[in-house]
Each structure stands twice: as structure tokens, then as C-alpha cells.
Amino acid sequence: MSIRVNPSILSADFVNFQKDFETISHADAIHVDVMDNHFVPNLTFGLPMVQRMQQISQLPLDVHLMIENSDLHAPKFAEVGVFSVTFHLESSDDPITTAKNIRAAGSRAGLAIKPNTRLDEVVEILPAFDQLLVMTVEPGFGGQALIESTLEKVSAARRRIDGDKLNIWLQVDGGIDESNIERVAALGADTFVAGSAVFKAQDRNAQIDHLRALAKAGFDHKHP
Ligand code: DX5
Ligand code: ZN
């Protein structure tokens, strides 16, 4: 079982993305947060920026859409060639069709749920996806503390994925750092987004390696 650490560039220098990408070369993928100031109360960047990042990045891009009208917009992000496109259940009327459209354009399809959205709302449609993102903070901003009550969804999702033998990655995003990553991995998450925990470090690659080692220890301990 592989463990992935995806730094979130929400904590990067927004006028020096290319330079910052070079400081996180040990990452498994780069997590790219797209926010539209409607679905969340914050604004980052849109498709043209992501397209340009895709041209210059040596690493796969893991795009996390926090926007309204995902059914219309998500496939366009897949069309620029990014590795994965994750959209929120709360901004989609037809998640299965949107997942199909993302996959048809060549990207992995991810489904995200906010802290107050129940896992039961997505379990039936999980087979249409390659990744489930359980938000561990309210989406919108970096640097928030992990909401403990979201973690029971991580363990329940892991049980469901293993029980149904689904080939799907289980990602967590928000408030993940060296103090909790091992514990969250032990609950069954395998893909970790970390913004401030990576970008605040002097040596970001060493921090990525450290986080991955902690997560591996947690996950292996629970899932020998
Ligand atoms: C929050 C974003 C996250 C954010 C995480 O809405 O989806 O990806 O960058 O930042 P940290 O790791 O600092 O909580
Ligand atoms: Zn994110």
C-alpha cells in the first residue's frame, strides 16, 4: 500500500509558483486549490493558471475544486491534462456523469465532502471515483486546526473501501501536520494534503519525507 503526501500550494508564494514547485520535488503530487469566492469565501485562481502550472510542473497535479457548478467546470480542468480532478458533492447535481467526463478526458476523478456532509451520501457512488477526499477542515483557508469529528468518516470510509474491495484512494485535507498524520493514517487515510505543515518548513523536502514516514508507520501499524 503506498502513502502519498501532496503539498498544497495554497501556502506557496503566489508570484513564485515555479520556484516553490522546485522546493517540493519529493512530493507525490502537487495539490492545487481552485476557489471561486462563491462555494467558499476565498478566491485563488482558475483554469488558465492551472493550465500553465501543468505545462511547467515536473510532478502530477492534484486539482481540488472548491467552486460552484462543478458539473460544468470540472471536465475542463481534466482537459488540460492534470493528473486528478476532485470536485465537491455539495456543488454537483450529477456526480456520476461528471466523474465519467473527467475520466474520459484522461484524469483521475475525485469526490470531496465537507465536514458536515455525511459519508452515507456518497457510499453508493464511490465505485465511479478514483479518490475520495474527506475534508478535515471547512474548505477555504490554509492553516486551520483539524476538526476531530471528521475523523470517524475516515475510518468508516476505509472500512467501506476495503469491504467492497474498491480501488480508490482515501485523501484527507486540512490541518494535517507532524502531530496528527500518523494517527490519521492509522484510521486508514493513504493520501495526505499538507499546506502550512510543508511550506513553513526550512527544508520542505525533508518535511515531506518526514510526514510520509510518519504516515507509513501509522498505516502499516494498523494495516500490516
Ligand atoms: C483548504 C484547502 C487545503 C489547504 C490545507 O480549503 O483545501 O488544501 O491548503 O492547508 P493546511 O494544510 O494548512 O490546513
Ligand atoms: Zn485542498
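All figures in this text were calculated on a predicted structure; none of them were measured in a lab.

(A) Highlighting the nonpolar core. Of all hydrophobic cores here, the largest spans 65 residues; its most connected members are Ile-9, Val-32 and Phe-192. Top contributing element to this core by residue count: helix α8 (residues 204-222), with 5 residues. Filtering out sequence-adjacent residues up to four positions away, Ile-9 remains in contact with Phe-14, Phe-17, Phe-21, Ile-30, His-31, Val-32, Phe-45, Met-53 and Phe-199.

(B) Expanded view of the packing of aromatic side chains. Counted under the stated rule, the structure contains 6 aromatic pairs. Seen from their ring centres, Phe-17 and Phe-45 are 5.8 Å apart, and the 85° between their planes marks the pair as edge-to-face. Remark: Phe-45 occurs in the loop between β2 (30-35) and α2 (47-56) and Phe-17 occurs in helix α1 (residues 17-22); sequence separation between them is 28 residues. Classification of Phe-17 by relative accessible area gives buried; the value is 8%. A relative accessible area of 9% places Phe-45 in the buried class. Seen from their ring centres, Phe-83 and Trp-169 are 6.1 Å apart, and the 35° between their planes marks the pair as tilted. With Phe-83 in the loop between α3 (70-79) and β4 (84-88) and Trp-169 in strand β7 (residues 169-173), this pair connects stretches of sequence that are 86 residues apart. Put simply, the rings of Phe-14, Phe-17, Phe-21 and Phe-45 touch in pairs and so form one group of aromatic residues.

(C) Looking closely at the coordination of the zinc ion (ligand 2). All of the protein donors around the zinc ion (ligand 2) are His-31 (NE2), Asp-33 (OD), His-64 (ND1) and Asp-173 (OD); their distances to the metal are 2.1 to 2.3 Å. Metal-centred angles of 71 to 171° between the 6 donor atoms at the zinc ion (ligand 2) mark the site as octahedral. Positions of the donor residues of the zinc ion (ligand 2) along the chain correspond to the pattern H-x1-D-x30-H-x108-D. Of this pair, His-31 sits in strand β2 while Asp-173 sits in strand β7, and the two are 142 residues apart along the sequence. For the pair His-31 and Asp-173, one class covers both residues: buried.

(D) Up close: the layout of surface pockets. Considered as a void within the structure, the largest pocket measures approximately 330 Å³ in volume. Around the largest pocket, the lining comprises 30 residues; the ones closest to its centre are Gly-142, Gly-143, Gly-174, Gly-175 and Ser-196. Counting only elements with at least two residues in the lining of the largest pocket, the list comes to β2, β3 (61-66), β8 (191-194) and α7 (196-199). Class assignment for the residues of the lining of the largest pocket results in 13 nonpolar, 13 polar and 4 charged.

(E) Broad picture of the packing of α3 against helix α4 (residues 95-104). Put simply, α3 and α4 touch, their axes get as near as 8 Å, and they point 15° apart. In terms of axis orientation, α3 runs roughly parallel to α4. The two elements α3 and α4 meet at a crossing, and its hand is right-handed. Taking contact as the criterion, the partners of Ser-70, Asp-71, Ala-74, Pro-75 and Ala-78 in α3 are, on α4, Pro-95, Thr-98, Asn-101 and Ile-102. Class assignment for the residues of the contact of α3 with α4 results in 5 nonpolar, 3 polar and 1 charged.

(F) Region of interest: the pattern of salt bridges. Enumeration over the complete set of coordinates arrives at 13 salt bridges. Among the ionic pairs, Asp-209 bridges to Arg-212, the shortest N-O distance being 3.5 Å. Of this pair, Asp-209 and Arg-212 both sit in helix α8, separated by 3 residues, roughly a single helical turn. Take Asp-209: its relative accessible area is 32%, and that puts it in the partly exposed class. For Arg-212, a relative accessible area of 19% puts it in the buried group. Each of Arg-4, Arg-158, Asp-162 and Asp-190 takes part in one network of salt bridges that share partners.

(G) α8, seen in detail. Over its 19 residues, α8 extends 27 Å from the first C-alpha to the last, a length consistent with the 27 Å expected when each residue adds 1.5 Å. Those residues of α8 that fall on the buried side of the exposure criterion are Arg-204, Asn-205, Gln-207, Ile-208, Leu-211, Arg-212, Leu-214, Ala-215, Gly-218 and Phe-219. Structurally, α8 contributes buried residues whose contacts are with β1 (4-7), α1, α5 (151-163), α6 (181-186), β8 and α7. In this structure Asp-203 caps α8, since a side-chain oxygen of it lies 3.3 Å from the backbone nitrogen of Asn-205.

Conventions we followed
- Residues numbered from 1 in each chain as written.
- Chains lettered and ligands numbered in written order.
- Predicted model: local features only at pLDDT ≥ 70, side-chain atom pairs only at ≥ 80, totals over all residues.
- Heavy atoms only, no water.
- Core = buried A, V, L, I, M, F, W, Y, C linked by side-chain atoms within 4.5 Å.
- Buried < 20%, exposed > 50% of the residue type's maximum accessible area, 1.4 Å probe, protein only.
- Helix = DSSP H or I, 4+ residues; strand = E, 2+ residues; numbered from the N terminus.
- Contact = heavy atoms within 4.5 Å.
- Phe/Tyr/Trp six-rings, centres within 6.5 Å; stacked < 30°, edge-to-face > 60°.
- Donors = N, O, S within 2.8 Å, 3.2 Å for Na, K, Ca; no water.
- Tetrahedral: all angles 85-135°; square planar, octahedral: opposite > 155°, others 65-115°.
- 1 Å grid on protein atoms, 1.4 Å probe; cavity = no way out; pocket = protein on both sides within 12 Å on 5 of 7 lines; lining within 4 Å.
- Points joined across faces, edges and corners; volume = space filled by probe spheres on them.
- Nonpolar A, V, L, I, M, F, W, Y, C, P; charged D, E, K, R; others polar.
- Axes fitted to C-alpha atoms, helices over the stretch in contact; angles between N-to-C directions.
- Parallel < 35°, antiparallel > 145°, perpendicular 65-115°, else oblique.
- Left-handed = near helix turned anticlockwise from the far one by under 90°.
- Salt bridge = Lys/Arg side-chain N within 4 Å of Asp/Glu carboxyl O.
- Expected span 1.5 Å × (residues − 1).
- Polar contact = N/O pair within 3.5 Å; in protein donor to acceptor, adjacent residues only side chain to side chain.

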